[in-house]
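Below are the chains, spelled out letter by letter.
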Amino acid sequence: MTQHTPTPWRVRRRSPDDAGFVEADKIDPKMAYNIEILGDDEMGYPTKAADVDFIVLACNSHDALLAAAEVTLPALEQAFIYLGNEVIANQVAVAAKQLRAAIALATLTPSA
């Protein structure tokens, strides 16, 4: 699988009422323009501006959130072993299960 365009990605709007598009810095200095990830040639639809903002937010936070989850999961798993209170231990087990699922989702290789 090809590696995605490096972050940070950002929203670029030509005017305040423009839905905008997602762009990132050019990878090769010989390129004339920045990389247009979700272009303004896409069909306009009511949620496009919010979608563009969400894509940039998700992409830019992905690496940090994944790293935090990967560091936190072992601590939660160890806490589960040492907790004497069954209710708290169950809450920790649920949190660890959700974190494990989130890590799996964040590291999933999308099908081509």
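Every value quoted in this text rests on a predicted model; they were computed, and no experiment measured them.

A few words now on the overall build of the chain. Along the chain, the regular secondary structure elements total two helices and three strands. Along the chain, helices and strands appear, N-terminal first, in the series β-β-β-α-α. Contacts in the chain between residues at least 24 apart in sequence constitute 41% of all its contacts with a sequence separation of at least 6. Total accessible area computed for the chain in this model is approximately 8300 Å², and 62% of it derives from carbon and sulfur atoms.

A few words now on a nonpolar patch on the surface. On the surface, Phe 80, Ile 81 and Tyr 82 cluster together into a nonpolar patch covering about 380 Å² of accessible area. With respect to the element layout, Phe 80 can be found in helix α1 (residues 48–82).

Calculation notes
- Along every chain, residues carry numbers that run from 1 in the direction the sequence is written.
- The model is predicted, so local features are restricted to residues of pLDDT at least 70 and side-chain atom pairs to those at 80 or more, both for listing and for counting; the totals for chains, interfaces and linings are taken over all residues.
- Values shown for side chains rest on all heavy atoms present in the structure; no hydrogens or waters enter the calculation.
- Helix and strand definitions follow DSSP, with helices as H or I runs of at least four residues and strands as E runs of at least two, each counted in order from the N terminus.
- Any two residues whose heavy atoms approach within 4.5 Å are treated as being in contact.
- Where accessible areas are quoted, they stem from the Shrake-Rupley method and a 1.4 Å probe; at the residue level, only the protein chains shown are allowed to cover.
- Nonpolar side chains (Val, Leu, Ile, Met, Phe, Trp, Tyr) within 5 Å and like charges within 9 Å form the patches, drawn only from residues with over 30% relative accessible area and no salt bridge.
- Whenever Lys or Arg places a side-chain nitrogen within 4 Å of a carboxyl oxygen from Asp or Glu, that contact is recorded as a salt bridge.

Geometric descriptors of this kind do not, in isolation, establish any biological role.
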